[in-house]
Amino acid sequence: MFSSIFSTAPPVDPNAPNFHSVTSKFSEDQLFGELEPKDTQWLCAGGFVTETQIFYVITDDGTSVMCQVIHSAVGVWYPTIQFTCKIANPSRGENTWKSLNVTNFVTPPPGYDKRSSKADEFSVLFKSNPGSEFPESYTVRANLGVDLQVSLEVQRPASIPGYKVGKGPEGGYSYFGTDPKNADGYVIHRFWPRIQATGHLIRSGKADPLKGTGMFVHAIQGMRPNLVASAWNFAHFQSEQLGGVSAIQMEFTTPDTYGKKGAGSGPVVVNVGSLVIADKLATVTTQTKWPGEEPTGSVISRTTHLDPEHDPDTSYGKPTEIVFEWKGPSIVSDAQGTIKAKLQTDLGSVENPKGLIEKVDVLAEIPYVLKVAVNYVAGTKPYIYQWINPGKLSITGPEALAPGLSSGVEVEGIIYNEATFIS
């Protein structure tokens, strides 16, 4: 990564493509790349690299619980490691947020591999139990102060493998720069799309049991955050209906400096998603939207903001509704065919929001040294909107996958989603 900081070599051709999307490397029937052990190991790279493991849980009573480890390398400075936790239920007015800069971070901890990490304030320990109903799991424990401790057991069902887009070492990567083999930067996401979670939240000495479903993601941004994306969208929907359903999407929009014809030919929108139906990973989706081009191919993976309304708190156009769409080939061997799904979530107006957890002022939350290095354009103030709401996912697909699917099924559940505006 240091080459991308200090390199002065000009690109071969100023109009050469300087963004290479993950979708360009894999055909539509090769989008599912099962995770290998090394995929979720901590990289802890130098240069400008932000790496994170995030556990998202929606509990049985509709509460959102998020636990995250963030490893931020900033040039030649010593990396900053944070543990953050957010517990939110807007219907009850609950919103607990903790963020700690941790001490004595180590990976791997003694007796574990690099999928695990620990510090004085937390431990995230990976366990393998091959051949069982839950072949992989994490135990997450954190002491976030006298008023909050977290203890979570997160298990991946055997029928729902973890994935990245595309098989092999190149699977999952989108590259920035003219030469992917000597890239200026990269983005990658690796997912467990549906997990079972149990544990306790201990608040001021009182232990409340926790049970729910959710997802896990290991993500790396191998570049300064403001150069990677001008916007992000993220959603995960969970339901117990139809034997267990999950729908997730992660989407980023590059700055206009990256595109098919060099600087100024962007922005490019890259979306990665998946559907779990009847507790089976049913399809993996990905789509890239290039400026001025109609989408090609049959796979759909996209997020659409509807009726944006100016928000004076953030200066951004907050969507009133968001539509998430998926379409892809089934990867379930005995239920072949095309799977389609759509979810439209009502977020309310600026004046009367629905399910709004928080508008997060990003610069107020990131470590000072990262803030200096990111060096945002004057006047730009990044914000993350976070919501949790009831949702209905409309699905059609092969009847062999779930009863009624061929004529269409509407699944009720809960959707947690974020919209991030950077510039």
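Our subject is the structure listed above.
The shown structure was predicted, so the numbers you read here are calculated from the model rather than taken from an experiment.

As enumerated under the stated definition, the model contains 23 salt bridges in all. One salt bridge in this structure joins E358 and K86, with 2.5 Å as the shortest N-O distance. Note that E358 is positioned in strand 24 (residues 356-361) and K86 in strand 5 (residues 80-89), a separation of 272 residues in sequence. The partner of K359 in a salt bridge is D313, with the nearest N and O atoms 2.9 Å apart. Of the two residues, K359 is situated in strand 24 and D313 in the loop between strand 20 (309-310) and strand 21 (317-318); the sequence distance between them amounts to 46 residues. Judged by its relative accessible area of 52%, D313 is exposed. Where salt bridges share partners, they join D61, R92, E94, R203, K206 and D208 into one cluster.

For the rest of this paragraph, the subject is empty space enclosed by the protein. Counted according to the given criterion, the structure contains 2 cavities of 30 Å³ or more. If you add up the space inside the second largest cavity, you get close to 70 Å³. Forming the boundary of the second largest cavity are V22, K164, V165, G172, S174, V187, H189, F191, F252, V270 and V272. Broken down by secondary-structure element, the contributors of at least two residues to the lining of the second largest cavity are strand 11 (163-165), strand 13 (185-203) and strand 17 (269-277). Residues belonging to the lining of the second largest cavity are distributed by class as follows: 7 nonpolar, 3 polar and 1 charged.

Calculation rules
Residues numbered from 1 in each chain as written. Predicted model: local features only at pLDDT ≥ 70, side-chain atom pairs only at ≥ 80, totals over all residues. Heavy atoms only, no water. Salt bridge = Lys/Arg side-chain N within 4 Å of Asp/Glu carboxyl O. Helix = DSSP H or I, 4+ residues; strand = E, 2+ residues; numbered from the N terminus. Buried < 20%, exposed > 50% of the residue type's maximum accessible area, 1.4 Å probe, protein only. 1 Å grid on protein atoms, 1.4 Å probe; cavity = no way out; pocket = protein on both sides within 12 Å on 5 of 7 lines; lining within 4 Å. Points joined across faces, edges and corners; volume = space filled by probe spheres on them. Nonpolar A, V, L, I, M, F, W, Y, C, P; charged D, E, K, R; others polar.

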